[in-house]
Amino acid sequence: MLQGCETLVNIDSGTGYVEGLSKIEAILVARLKALGAEVKLVASEEPAVGNIIVGTLQGKGTRNVMLMVHYDTVFATGEAAKRPFKMVGNKAFGPGVADAKPGLLFILNSLEMMKERGFDRYKTITIVFNADEEKSSLGSRTAIKKLAADQDLVLSYEPPEQEQVIIATNGIAYVHLDVKGLSSHAGSAPEKGRNAAMEMANQILQLKDLGDPAKGTTVNWTVLQSGDRVNIIPDKASAKADMRLSELSELERVQQDANRIIGKKLIPETEVAVRVEDRRPPFSKNANTDALALSAKAIYQDLGKTLEPVAMRFGTDAGFAYNPANPKPTVLEGMGIVGDKLHNPDEWADLDSIVPRLYLSVKLLEKSLSEE
Ligand SMILES: [Zn+2]
């Protein structure tokens with residue numbers, strides 16, 4: 001496990017870096033084939049590059065399970081040479097050392113252990129490694145949704161911060177605000193202009209409470225743009241807000257509220273438009289996931305350890321696997337190594353979590369697949 005981790009961390013695989021991604025791909029494909037999996041490479045949709053690696057194992061049981069995690073990182077090419085894999089005490093460091101290179105190995109090692117144990121009580125196991133998670137999975141989201149739709153169970157191996165499993169993740173959306181006015185010289189004829197920047201300011205104040213804390217929705221205006229010359233009344237202004245949601249219906253609710261609110265203008269002859277853009281759907285809290293998390297907790301108890309089911313504020317690919325309109329598949333996130341400071345140069349992974357979490361992975365799979 002540690003050797004595999006060192007090898008993977010020391011190969012740069014930032015999203016978009018084809019050369020590095022294909023080196024990792026070669027290693028993963030070889031391991032999947034050694035397990036007896038049938039392997040298909042699906043090109044990521046544009047603008048993403050690299051392949052979605054899809055492995056399939058056939059068993060003798062009745063249930064379908066999918067194991068997934070990404071093999072790209074947020075780091076630039078050259079980062080691995082600058083700070084290669086290293087271990088200090090019970091911590092490991094290096095680019096992707098938690099997010100999410102050990103997750104790839106957890107999946108492969110779990111399957112190897114299950115094979116050694118002669119466990120074949122599954123109909124199929126589908127393994128999905130994607131190459132663009134760190135850029136919103138634009139090139140793999142369709143494939144993930146499609147593959148997940150046929151499953152009873154989906155486990156995702158992103159790293160939790162502590163001894164946890166993740167039972168819900170936030171969705172991400174952008175809110176775009178666009179204002180059209182009329183330009184005019186700010187010195188000689190300001191009254192002939194319709195100031196788009198002023199109207200934008202008005203709208204942002206009016207739109208500051210689009211969030212709903214009770215539903216876990218936040219909307220924060222973060223990017224404002226207007227005007228580039230001090231003596232011209234600007235005819236255009238735009239703003240963007242970061243929106244996080246835990247219920248999919250909030251996309252529609254925020255759009256409708258915003259549409260109503262923008263009708264009230266400060267400068268009547270401006271045009272105002274608002275648009276909510278869905279970036280990543282939420283993996284919402286649900287009863288099936290809660291039950292699976294309890295089962296994970298019980299497995300940890302066998303080891304005399306505690307495991308906490310938690311909801312997370314950031315978004316992951318679990319949102320594409322989860323379907324709020326369908327009880328299947330049951331999704332659980334955070335099956336990876338324990339680690340923190342993700343996306344930072346001081347990202348670390350907890351080496352003491354490897355053994356219990358591999359045990360959890362194998363046991364949870366065997367237990368859930370054995371149920372009828
Ligand atoms: Zn990740």
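Residues numbered from 1 in each chain as written. Predicted model: local features only at pLDDT ≥ 70, side-chain atom pairs only at ≥ 80, totals over all residues. Heavy atoms only, no water.

The name that an unreviewed UniProt entry assigns to the chain is M20/M25/M40 family metallo-hydrolase, with the source organism given as Candidatus Accumulibacter meliphilus.

(A) A look at the coordination of the zinc ion. Taken together, His70 (NE2), Asp99 (OD), Glu158 (OE) and Glu158 (OE) make up the full set of protein donors to the zinc ion, lying 1.9 to 2.8 Å away. Angles of 51 to 145° at the metal separate the four donor atoms of the zinc ion, which places the site in the irregular class. (Donors = N, O, S within 2.8 Å, 3.2 Å for Na, K, Ca; no water. Tetrahedral: all angles 85-135°; square planar, octahedral: opposite > 155°, others 65-115°.)

(B) Spatial organisation of the domain arrangement of the chain. Entries for the chain in the domain assignment read domain 1 (2-170 + 282-370) and domain 2 (171-279). For domain 1 and domain 2, the distance between their C-alpha centres works out to 38 Å. Between domain 1 and domain 2, the contact holds 11 residues from the first and 10 residues from the second. Summing both partners gives a buried area of about 730 Å² for domain 1 against domain 2, and 49% of it is carried by carbon and sulfur. Taken together, the links from domain 1 to domain 2 amount to zero salt bridges. Taken together, the links from domain 1 to domain 2 amount to two residue pairs in polar contact (both at pLDDT 80 or more). A class-by-class count of the residues in the side of domain 1 that touches domain 2 yields four nonpolar, five polar and two charged. (Domains from an automatic or database assignment. Contact = heavy atoms within 4.5 Å. Buried area = accessible area lost by both parts, 1.4 Å probe. Salt bridge = Lys/Arg side-chain N within 4 Å of Asp/Glu carboxyl O. Polar contact = N/O pair within 3.5 Å; in protein donor to acceptor, adjacent residues only side chain to side chain. Nonpolar A, V, L, I, M, F, W, Y, C, P; charged D, E, K, R; others polar.)

(C) The nonpolar core, seen in detail. Phe129 and Leu155 are the most contacted members of the largest nonpolar core, which has 58 residues in total. Other than its neighbours up to four places away in sequence, Leu155 contacts Met66, Leu67, Met68, Leu292, Leu332, Met335, Leu364 and Leu365. With 23 residues, the next largest nonpolar core counts Leu177, Ala196, Met200 and Leu245 among its residues. (Core = buried A, V, L, I, M, F, W, Y, C linked by side-chain atoms within 4.5 Å. Buried < 20%, exposed > 50% of the residue type's maximum accessible area, 1.4 Å probe, protein only.)

(D) Region of interest: the UniProt feature "domain: Peptidase M20 dimerisation" (unreviewed entry) in the chain. Look at the UniProt record and you will see "domain: Peptidase M20 dimerisation" (unreviewed entry) annotated at residues 167-267. Segment residues 167-267 splits into 23% helix and 36% strand. End C-alpha atoms: 46 Å apart. (UniProt positions renumbered as here; feature names shortened; annotations may be inferred. Helix = DSSP H or I, 4+ residues; strand = E, 2+ residues; numbered from the N terminus.)

(E) Region of the structure containing the UniProt feature "active site" (unreviewed entry) in the chain. Taking the UniProt record as the reference, the feature "active site" (unreviewed entry) is found at Asp72 and Glu133. On the basis of their most widely separated C-alpha atoms, the annotated residues across 62 residues gather in one place, lying no more than 6.8 Å apart. The residue Asp72 is located in the loop between strand E3 (64-70) and helix H3 (79-82) in this model. The exposure class of Asp72 is buried, given its relative accessible area of 0%. Those residues in contact with Asp72, other than ones at most four positions away along the chain, are Ser13, Gly14, Thr15, Leu21, Asp99, Asn130, Ala131, Asp132, Glu133, Glu134 and Lys135. Here Glu133 lies in the loop between strand E6 (124-130) and helix H5 (141-149). Residue Glu133 is classed as buried on the basis of its relative accessible area of 6%. Setting aside chain neighbours within four positions, we find Glu133 in contact with His70, Asp72, Glu158, Arg280, Gly315, Thr316 and Asp317. At a separation of 3.4 Å, a polar atom in the side chain of Glu133 contacts the side chain of His70.

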